[in-house]
Amino acid sequence: MRNKQFAWAKLLSVYALLALLMRFLSFFPSVIDHDESTYILIADAIREGKIYLIDIVDTKPVGIFLLFGFFQSIFGESILAIRILTTLWIALTALGIHKVHESLGGVGQAPFASGVIYLVMTSIYTFYGISPNTELFFNLFTIVALWLLLQKSQMSHFFLAGLSLGAGFIIKYVVLFDAIAFALFFLWKAIKEKWAFRKAFALAMACILGFTIPFGSVFAFYWSNGFVHQFLFYSFEVSGNYFIDRHWTDLVEFVFQGFARYIFVSFFFFYVLFDRSIRLNEFKTLIILWSVCILYIILVPGKLFGHYFIQFMLPFSLLAGSFFDERRVLKGILPKIFSPKIGYSILILLLIANVFFQKKDYLDKADYAEQIADYLDDHLKPEDVIYTGNYHQIIYHLLDEDSPTPFIHRSLLWDQENVEALEINQKKELKHIMRQEPRYVIYQGDLPVEIDFGKMMQQDYKLIKAFPKEINVYERIDRLTENPKNKDAGIKDASTSVR
């Protein structure tokens, strides 16, 4: 038992070290993308006692915010801590992939290859894994559930697997399609192996019971507090409002781009899929069912964001890693090309190239959000309100300030698609913000003078600091006297920055 635990710890250490090497230079910018900033800010609000979907609003289930709140409670509020924890979370997922591959009959270096492939895929592209998105977090719950299901067919394993899938489900509802894939696989397995009906039914009920507990607990909270309508609206109606009717060529292009980004992994995946040198009927059946279910839920809504592809990386890396199964008969020049010596050399070169590109993307670029926060920190008083407008909302977190609107993610108020989907009265909400008389307002680009917000900015605010990329900081005119530095001749009236 002790040797087994040591082996698990050793594997996790290797995956964690590799993940840290792959992602280290991405730890330091204040913003990688807006979703991560939103998770941090709503986690801040929940820890302060605010109720998600009532006092603070986003389009995702509550699970990701509870998870980030847990991280903050244990490890502190720094963005660096979140990035490190995300990296370790990915390493745990890679370990889960490794153990699942072993449970499916993989031998030799194949399970390890699957784990490494997942780490590499999630650590190269900003919007395909570097940014902490929901997919990175629910993937761990999904792979743990599958590992439990592949152990001995016991009620406890199926219950815990359902519980794990349920935890992933309240992070993002698309996990339902992972669950459907597993259900179809075990139905196929039960028919093939002629399981007794009573046994199969009992295992299914145990899994379903576990799955319903997390969501049922969340629903019970909103029901007991009289917020069922709000919960159902944001959980289901809003999601339905986002469906986009894409042409089939757009869907094909999205899938093709995903495979093309990881061309070597795609080669491994399709080679194994069509190779018959090893009998992997059960393995391939699972992967095919799982891939079809995931690609369906990725494509059908029509919002083709890169990070959606991360969900597919679980079956993708599992089957691709099987290319390195020592039982596989490689033909032609493949054994020479993919020998361990060449394979590890390629991995080292990839690590070096990744460091170069991450330095360029995350260290060499100016961090204007942090610069703005530093500038405002020198001027803010405890009672001051700020509004980040259409710019990065992470500034609230950097300054330990509350948002004057429950719609923290900037796109909810400034993208018409979101305004319509969430049925927000944009004019009313912007007036509500301005009635709070924020001392500072940040806006990127020309002020929208065609709406009341822009007119109020033009009337009541002056531009006090202009950053590159048309990022402007405005201060209320009636507060300028409190800051002698702002009497500088370089200060411009807001009207000079409007269309």
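Everything numeric in this text was worked out from a predicted model, so none of it was measured.

Brief notes about the side chain of K172
Relative to the elements of secondary structure, K172 occurs in the loop between α7 (155-169) and α8 (175-193). By relative accessible area, which is 14% here, K172 ends up buried. Within the structure, K172 has its side chain in polar contact with the side chain of E135 (distance 2.8 Å).

Concerning the side chain of S322
As for its placement among the helices and strands, S322 is situated in the loop between α14 (313-321) and α15 (334-337). S322 gets classed as buried once you look at its relative accessible area, which sits at 1%. Excluding its chain neighbours within four sequence positions, the residues that come into contact with S322 are H101, A110, S114, V272, L280, F283 and R328.

What about unusual backbone geometry?
Non-glycine residue D400 carries a positive phi angle of around 55°. Within the element layout of this structure, D400 appears in the loop between α18 (394-399) and α19 (410-414). Exposure remark for D400: the relative accessible area of 64% places this residue in the exposed category.

Concerning helix α4 (residues 79-103)
When the terminal C-alpha atoms of α4 are compared, their 36 Å separation across 25 residues agrees well with the 36 Å that a helix rising 1.5 Å per residue should span. Counting buried residues along α4, 19 of its 25 residues qualify, which places the element largely inside the surrounding structure. Count one or two residues on from α4 and you reach G105, which has phi positive near 100°.

Focus on the packing of aromatic side chains
Enumeration over the complete set of coordinates arrives at 62 aromatic pairs. Centroid distance Y173 to F236: 5.6 Å. Interplanar angle 10°. Geometry classified as stacked. Here the residue Y173 occupies a position in the loop between α7 and α8, and F236 occupies one in helix α10 (residues 228-241), the gap between them amounting to 63 residues. In this structure Y173 comes out as buried when scored by relative accessible area, which is 17%. Given a relative accessible area of 41%, F236 falls into the partly exposed group.

Here's the deal with the environment of A320
Mapped onto the fold, A320 is located in helix α14. Assessed through its relative accessible area of 0%, A320 is described here as buried. For A320, the residues in contact, after removing those within four places along its chain, are I117, V265, F268 and F269.

Some thoughts on the confidence of the model for the protein
The pLDDT averaged across the protein works out to 91; a share of 95% of its residues lies at or above 70. Here residues 487-499 scores under 50 on pLDDT; set against residues more than four positions off or in separate chains, the count is 32 contacts.

A closer look at the pairing of strand β4 (residues 471-476)
Most of β4 is tucked away, with six of its six residues classed as buried. Neither face of β4 is open: one carries I471, V473 and E475, the other N472, Y474 and R476, and all of them are buried. Sheet topology note: the strand β2 (residues 440-444)/β4 ladder contains five bridges and is antiparallel. From the neighbouring strand, V441 faces β4, where its bridge partner is Y474. Bridge analysis of strand β3 (residues 461-467) against β4 gives six bridges, and the strand direction is antiparallel. Bridged to Y461 within β4 is R476.

Overview of a nonpolar patch on the surface
Residues F24, F28, L80, I84, L88 and L363 make up a contiguous nonpolar surface patch of roughly 490 Å² in combined accessible area. Counting residues per element, the nonpolar patch draws most heavily on α4, at three residues. Structurally, F24 is set in the loop between α1 (2-23) and α2 (34-47). Owing to a relative accessible area of 43%, F24 belongs among the partly exposed residues under this scheme.

Some remarks on the pattern of salt bridges
As enumerated under the stated definition, the model contains 18 salt bridges in all. Residue E36 is joined to R83 by a salt bridge in which the shortest nitrogen-to-oxygen separation is 2.6 Å. Within this pair, whereas E36 is found in helix α2, its partner R83 is found in helix α4, the two being separated by 47 residues in sequence. Under the relative-accessibility criterion, E36 is labelled buried at 1%. The class for R83 is buried, based on a relative accessible area of 3%. When the shortest N-O distance is used, the salt bridge between K189 and E193 registers 3.0 Å. Placement of both K189 and E193 in helix α8 is noted, with a separation of four residues, approximately one turn of the helix.

Definitions and limits used
Within each chain, residue numbers correspond to sequence positions counted from 1 in written order. Only residues with pLDDT of 70 or above have their local features reported here, since the model is predicted, and side-chain atom pairs are shown and tallied only from 80 upward, although totals for entire chains, interfaces and linings are computed over all residues. The side-chain figures draw on all heavy atoms in the structure; neither hydrogens nor water molecules are used. Secondary structure elements follow DSSP: runs of H or I of four or more residues count as helices, runs of E of two or more count as strands, with numbering from the N terminus. Only protein chains enter the accessibility calculation, which uses a 1.4 Å probe; a residue is then buried when its area is under 20% of its type maximum, exposed when over 50%, and partly exposed in between. Two N or O atoms count as a polar contact when they lie within 3.5 Å, although within protein this holds only if one can serve as hydrogen donor and the other as acceptor, and sequence-adjacent residues are included solely when both atoms are side-chain atoms. Whether two residues touch is decided by their heavy atoms; if any such pair falls within 4.5 Å, the residues are in contact. One less than the number of residues in a helix, times 1.5 Å, gives the span that helix is expected to have. Stacked, tilted and edge-to-face are the three classes applied to pairs of Phe, Tyr and Trp rings, where Trp contributes its six-membered ring and a pair requires centres within 6.5 Å; stacked means planes under 30 degrees apart, edge-to-face means over 60, and tilted covers the rest. The predictor attaches a confidence to each residue, and that confidence, scored 0 to 100, is pLDDT. Any two strands are treated as partners once DSSP identifies two or more bridges connecting them. Residues enter patches when they are more than 30% accessible in relative terms and free of salt bridges; like-charged ones are connected within 9 Å and nonpolar ones (Val, Leu, Ile, Met, Phe, Trp, Tyr) within 5 Å. With residues, only the protein chains shown are counted as cover, and all accessible areas are computed by Shrake-Rupley using a 1.4 Å probe. Each salt bridge in this description consists of a side-chain nitrogen of Lys or Arg and a carboxyl oxygen of Asp or Glu lying within 4 Å of one another.

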